[in-house]
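Coordinate inspection notes
The primary structure of each chain is shown beneath.
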Amino acid sequence: MSNDEVFLPWGVVTTDFWTTPTTAHPPPTQATPPTPPTPATPATPPTPAAPPRPESPDEVVDVPARIAAVAALAREGELGKAVLLAEQLDTEHTAATNESVSTAMTDIREVRGYLASLTGDHATAVGWYLHALRLRADLHGPDHSDTEAAVHRTYGLWRTITDPALSHRLGREFLTTVISIQGPHSTAARRIHKALDPQATDP
């Protein structure tokens, strides 16, 4: 090796290496920093489904169909089964409505009174009819057609009672109820009073 040669770790370098101009190496190109990823747009949460429409009590307990079944049993002479079915219907509907007064409730109670009349229990029958009448008056008012019709049905039921003492006692209860709902000078009150005592004046 000549004195002009220097051995370095990367190889043999001659004197010309130091005297020959070298082409400057361009500075390393600075790497372009990576573009940060665009944040993902958060997914829009799904619109919650509308809650199902709550069923009305009459949908939970099909009152018209059940009353029709009660009537069918009564026509077939199955009064015991009809009474039991009406009682079950009353219990289920009362629970479903949390004892809220409705036309369906008054219909059920009146049906129970009608069944009692078929079994000959007139006191219970009139009691149910008067109860239903008061409910209808509270629900619709004293002069509503539904209330008026209930008064007429109760009057018709009461007039079928042949026992004079029982008829008089229940008639007084009927009169008191009608007076409390429609007043002492209503047509119904006067008619009931006249039936109780044909010689009496207005109550």
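Scoring rules and cut-offs
Residues numbered from 1 in each chain as written. Predicted model: local features only at pLDDT ≥ 70, side-chain atom pairs only at ≥ 80, totals over all residues. Heavy atoms only, no water. Helix = DSSP H or I, 4+ residues; strand = E, 2+ residues; numbered from the N terminus. Buried < 20%, exposed > 50% of the residue type's maximum accessible area, 1.4 Å probe, protein only. Contact = heavy atoms within 4.5 Å. Areas by Shrake-Rupley, 256 points an atom, 1.4 Å probe, with all protein chains shown as cover. pLDDT = per-residue confidence, 0-100. Polar contact = N/O pair within 3.5 Å; in protein donor to acceptor, adjacent residues only side chain to side chain. Expected span 1.5 Å × (residues − 1). Core = buried A, V, L, I, M, F, W, Y, C linked by side-chain atoms within 4.5 Å. Salt bridge = Lys/Arg side-chain N within 4 Å of Asp/Glu carboxyl O. Axes fitted to C-alpha atoms, helices over the stretch in contact; angles between N-to-C directions. Parallel < 35°, antiparallel > 145°, perpendicular 65-115°, else oblique.

Looking now at the overall build of the protein chain. For the protein chain, the helix and strand inventory stands at nine helices and two strands. In the protein chain, buried positions account for 31% of the 203 residues. Taking contacts inside the protein chain between residues at least 6 apart in sequence as the whole, the part at least 24 apart equals 48%. A total accessible area of about 13500 Å² is found for the protein chain, and carbon and sulfur atoms account for 58% of it.

Low pLDDT marks regions whose predicted coordinates should not be analysed in detail. Averaged over the protein chain, the pLDDT score is 81; the fraction of residues at 70 or greater is 68%. Counting contacts from residues 1–20, a segment whose pLDDT is below 50, to residues more than four positions away or on other chains yields 13 contacts. Note on residues 22–28: pLDDT is under 50 here. Beyond four places in sequence and across chains, it has zero contacts.

Once that is clear, we can look at the environment of G127. Secondary-structure assignment places G127 in helix α6 (residues 122–140). Distance in space between the C-alpha atoms of G127 and R109 is 9.9 Å, their sequence separation being 18 residues.

By the secondary structure assignment, Q182 is in helix α8 (residues 164–182). What makes Q182 buried here is its relative accessible area of 17%. Looking at Q182, its side chain comes within polar contact range of the side chain of E148, at 3.3 Å. Excluding anything up to four places from it in sequence, Q182 contacts P142, E148, V151 and A188.

In an α-helix there are 3.6 residues to a turn, and that puts residues three or four apart on one side. Look at helix α5 (residues 103–118): 23 Å from first C-alpha to last across 16 residues, which is about the 22 Å you get at 1.5 Å a residue. Following α5 by one or two positions, G120 adopts a phi angle in the positive range, close to 90°.

Next up on the list: the nonpolar core. In this structure, V126, L133, V151, W158, F174, V178 and I192 are the most contacted members of the largest nonpolar core, which totals 22 residues. Of all the secondary structure elements, the ones that give two or more residues to this core are α6, α7 (145–158), α8 and α9 (187–196). Ranked by residues supplied to this core, first place goes to α6 with six residues. In contact with F174, other than residues within four places in its own chain, are L130, L133, V151, T154, Y155, W158 and I192. V63, I67, A74 and I108 belong to the second-largest nonpolar core, a separate cluster that totals 14 residues.

A separate point is unusual backbone geometry. Phi at N98 is positive, roughly 55°, even though this residue is not glycine. As for its position among the elements, N98 is in the loop between α4 (79–96) and α5. The residue E99 is not glycine, and still its phi comes out positive at about 65°. Considering the arrangement of structural elements, one finds E99 in the loop between α4 and α5.

Our next topic: the pattern of salt bridges. Going through the model one piece at a time under the given rule, you end up with eight salt bridges. Here R112 makes a salt bridge to D90, at a shortest N to O gap of 2.9 Å. Note that R112 is positioned in helix α5 and D90 in helix α4, a separation of 22 residues in sequence. Using a relative accessible area of 6% as the deciding quantity, one classes D90 as buried. R153 serves as the salt-bridge partner of E110, at 2.4 Å between the closest nitrogen and oxygen. Of this pair, E110 sits in helix α5 while R153 sits in helix α7, and the two are 43 residues apart along the sequence. R153 gets classed as partly exposed once you look at its relative accessible area, which sits at 35%. Salt bridges linked by common partners bring D107, E110, R136, D146 and R153 together as one network.

So, on to the packing of α7 against α9. As a packed pair, α7 and α9 sit with axes 11 Å apart at the nearest point and diverge in direction by 5°. Relative to α9, α7 is oriented roughly parallel. Between α7, through V151, Y155 and W158, and α9, the contact on the second element is made entirely by A188, R191, I192, A195 and L196.

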